Amino acid sequence: MQTFKLFMTLLKRNLPSVSIYVVIFAIISVVITSSNQSSSAQLYQDEAIPFTVIDEDKSALSEGLREYLAQKNEYVEHSGAVEELQMDMYYRDIYYVLIIPEGFEEGVKAGEEPTLQNYKIKDSSVGYYMDLAVESYMSTLRASLATGVELSEAIATTGEAMQASAEVSMQQKENTSTNSIMQGYFQTLPYILLAMLMNALGNIMISLNREKVRLRANCSSLSMTKRNLQIALGTALFGLMIWVLFEVIALVLYAKQESAITFALTGMNTLCFVLMTVALSVMIGFLAKKEAVLSAVAIIVSLGASFLGGVFVPLEVMGEGIIKVAKFLPTYWYVTANSAIVNVAEFSEAGSAFAGMGIQLLFAAAFFTIAMVASRKQK
Amino acid sequence: MEGKTVIKVENLVKRYKELVALDHFNLEVKEGEVFGLLGPNGSGKSTTMNCILGLLKYDKGNIEVFGKKMAPDSYEVKAMIGVVPQEVAVFEELTVLENVDYFCGLYVNDKATRKQYVEEALEFVGLQEFKKFYPKKLSGGLLRRLNIACGIAHKPKLIFLDEPTVAVDPQSRNKILEGIEQLNAEGATIVYTSHYMEEVEQICTRIAIMDGGKNLAIGTNEELKNMIKTGETIQVEILDFPQAQLESIRALPHVYRAEYEENHLKVHYTKGQRNLVRLLDYLKEHDITFGRVYSELPTLNDVFLEITGKELRD
């Protein structure tokens, strides 16, 4: 097992760069997870906007309008002094000031459309929202008056009607937020795996295949087949170690929220991708002769395959032409399998996920075959 | 020469497209020899070695090592061979100790034995103090020694050394040459390729002179020198030499060539006795004043020159 031992020694020399990838990815995942968990309890909430009303009309209608606005927002009592108002708005104690002019109710009764004045934070969404609320109240009131009812009755009817609020419900299931975070974790994993494994394994392969030492080893009594098998064992073990590492991180971060089947399937999908990446790295290690070439290839392949394969950009937003190209990339099949796993409750439903995994394994076999042919050619 | 035949090469032909690198090359190396392959760059020395080691496919001929036909998968035979390539072939990522251990481990599985062999190899080349050094930190001479340690640590019976002293300082060169003699004394058969004739003369028991992929002559140092006409060359410093005397000198016994250039009279002799005394007597008799006198015995370069018509380092 001399070559295996050598592989491990070379791997040890490459561990610092491998660790950097793992640590950065783990930190990013922890940060994203924790920030999403804290906000997941309040995915939707009405905002209460501090406002005041300068009521110069002192009528039932002006009171009805004020009460309506105060239902969903925070009414602030105010003297109406202009300087004080300016200060309160400057310090954001009040976001919106509604001025109801004298004769407002009478004007409405007469079928006019009296103008309501307001002060608001310029270009703010809050001001726009309050304008809409006032406009909505007045429209409902006019509609009610149009039916021929008295103003007092119309105010009461409008108040009741405006109390009704739309039920807001999220389309996804209860644990969707954590589910999408874990999906996101595994979605971005291919880039890390490609960049990390290609750099680490590629460097080791270049060292092992440097012509001078390769020829020297060819003079020895250990056959090339045995040496290649030991290298294959080393690469497989390294790939397995990396897979276990990322699975453990996922378990720590998402174990409580996820079902065993989701974990199992995502794990299988990632394992297929790791095997493919290991084979790809070995192939490039055989073909690239210099570290600089390898680095360039690793950057191009990891970024290119990640962008085109839907790792960074959802496949749904990609054009048909790009999707056609993406189907020639293993990342595409990893991502589609990963997406398919989200909706799977039983193994029997995971047909499309398994198909994606199978295609990744075919890519692995193809890359490994090319690597072996390259190795024979070198001999 | 007595002893078992370790290497037998018969009618070896190796072509690189149009170029014939080895042209019906023959060679026989006996057990216990330090066999030198001497020739200029491109003469086919390394190609011969690579064919014998099974690293290169050849077009024609037969190679036997330790009585067995040599092939790329002759692992039993390869286990008895050590190779020190011309270029330093070690892992830059491994320390001196790790490098020797790795290459030794390709032959020796037993951990304890390997540890002992590695220690012995490091001691042999004088690298014990540099065990934990990475190759980048070693000087050219020390790197060459590491290269040797990696090739001999498993105690091979047959060792190929391909120009192991190229670009090495005199101290390391002497250390390497002493080491090779010691390995031979311990029982290893050595095949040594070089274009440094002084080294080959110093350590090789038999020498093959190669050029153009052919084996031009084989023999001991003395045998090779006896093959040529030149026995001795005498140079005499003379400031004013009458050209008319040149013909008379050429007529002296055993002289086969004489020339006068740049205040030096150079007289080439075939084998014979009293050549120097006779020449100096002649000069005195003819009142020719002379200065320093040099007498040179033939070298392998003379052998090469006489056989090929060109200098070894051309």
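Residues numbered from 1 in each chain as written. Chains lettered and ligands numbered in written order. Predicted model: local features only at pLDDT ≥ 70, side-chain atom pairs only at ≥ 80, totals over all residues. Heavy atoms only, no water.

## Some words on the sheet that holds strand 5 (residues 68–69) of chain B
Thought 1: In spatial order, the strands read 2-1-4-5 (chain B); together these four strands make up an open sheet with antiparallel pairing. Of all strands in the sheet, those with a lone pairing partner are strand 2 (19–30) and strand 5 of chain B, marking the two edges. (Pairing = 2+ DSSP bridges. Helix = DSSP H or I, 4+ residues; strand = E, 2+ residues; numbered from the N terminus.)

## Quick look at the interface of chain B and chain A
Thought 1: If you look at the interface, chain B gives 29 residues, while chain A gives 23 residues.
Thought 2: At the boundary of chain B and chain A, one finds three salt bridges.
Thought 3: With its nearest N and O atoms 3.0 Å apart, the salt bridge here joins Lys5 of chain A to Asp101 of chain B.
Thought 4: For the pair chain B and chain A, the interface holds 13 residue pairs in polar contact (both at pLDDT 80 or more).
Thought 5: Where the side of chain B that touches chain A is concerned, the elements lending two or more residues are helix 2 (75–78), strand 6 (81–84), helix 3 (96–105) and helix 5 (140–152) of chain B. (Contact = heavy atoms within 4.5 Å. Salt bridge = Lys/Arg side-chain N within 4 Å of Asp/Glu carboxyl O. Polar contact = N/O pair within 3.5 Å; in protein donor to acceptor, adjacent residues only side chain to side chain.)

## Quick word on the domain arrangement of chain B
Thought 1: As far as domains go, chain B holds domain 1 (5–226) and domain 2 (229–297).
Thought 2: Put simply, the middle of domain 1 of chain B and the middle of domain 2 of chain B, counted by C-alpha atoms, are 43 Å apart. (Domains from an automatic or database assignment.)

## A short note on the packing of aromatic side chains
To describe a pair of aromatic rings, you give the distance between the ring centres and the angle between the ring planes.
Thought 1: Summed over all chains, the structure comprises 16 aromatic pairs over all chains.
Thought 2: Look at Phe347 of chain A and Phe354 of chain A: their rings are 6.5 Å apart centre to centre, the planes differ by 10°, and that puts the pair in the stacked class.
Thought 3: A relative accessible area of 42% places Phe347 of chain A in the partly exposed class.
Thought 4: Where Phe91 of chain B meets Tyr102 of chain B, the ring centres are 5.4 Å apart and the plane angle is 80°; that geometry is what we call edge-to-face. Of this pair, Phe91 of chain B sits in the loop between strand 6 and helix 3 while Tyr102 of chain B is found in helix 3, placing the two residues eleven residues apart along the sequence. (Phe/Tyr/Trp six-rings, centres within 6.5 Å; stacked < 30°, edge-to-face > 60°. Buried < 20%, exposed > 50% of the residue type's maximum accessible area, 1.4 Å probe, protein only.)

## Quick notes on the sheet that holds strand 8 (residues 189–194) of chain B
All names here are of chain B.
Thought 1: Taken together, six strands build an open sheet; the order of strands is 6-7-8-3-9-10 and the sheet is mixed. Edge positions in the open sheet fall to strand 6 and strand 10 (214–219), since each of these has one partner strand only. Direction aside, neighbouring strands of the sheet carry axes that sit 15° apart on average.
Thought 2: Here strand 9 (residues 206–211) pairs with strand 10 via five bridges, running antiparallel. Across the sheet, Asp211 pairs through a bridge with Lys214, a residue of strand 10.
Thought 3: Most of the contacts of helix 5 go to strand 6, to which it runs at about 165°, and overall it touches strand 6 and strand 7 (158–162).
Thought 4: Packing of helix 11 (residues 300–308) onto the sheet brings it into contact with strand 3 (34–38), strand 9 and strand 10, and relative to strand 9 it is tilted by some 40°. (Axes fitted to C-alpha atoms, helices over the stretch in contact; angles between N-to-C directions.)

## Points about the pairing of strand 7 of chain B
Two faces, one strand: in a regular strand the side chains alternate between the faces of the sheet.
Residues and elements named next belong to chain B.
Thought 1: Most of strand 7 sits inside the fold, with five of its five residues counted as buried.
Thought 2: Side chains Leu158, Phe160 and Asp162 project from strand 7 onto one buried face, and the interleaved Ile159 and Leu161 project onto a second face that is buried too.
Thought 3: For strand 6 and strand 7, the ladder comprises four bridges, and the chain directions are parallel. Bridging across to strand 7, Ile81 finds its partner in Leu158.
Thought 4: Two strands pair when backbone bridges link them, and strand 7 and strand 8 are joined in this way by five bridges, in the parallel orientation. Bridge pairing links Asp162 to Thr193 in strand 8.
Thought 5: The β-α-β motif built from strand 7, the intervening helix 6 (residues 170–185) and the parallel element strand 8 has right-handed crossover chirality. (Right-handed = clockwise from strand over helix to strand, strands pointing away.)

## Some words on the pattern of salt bridges
Residue and element names in this part refer to chain B.
Thought 1: Enumeration according to the criterion identifies 21 salt bridges over all chains in this entry.
Thought 2: Lys214 is the partner of Asp23 in a salt bridge, and the nearest nitrogen-oxygen pair spans 3.7 Å. Pair noted here: Asp23 is in strand 2 and Lys214 is in strand 10, with a separation of 191 residues, a long-range link.
Thought 3: Judged by relative accessible area, which is 39%, Lys214 ranks as partly exposed.

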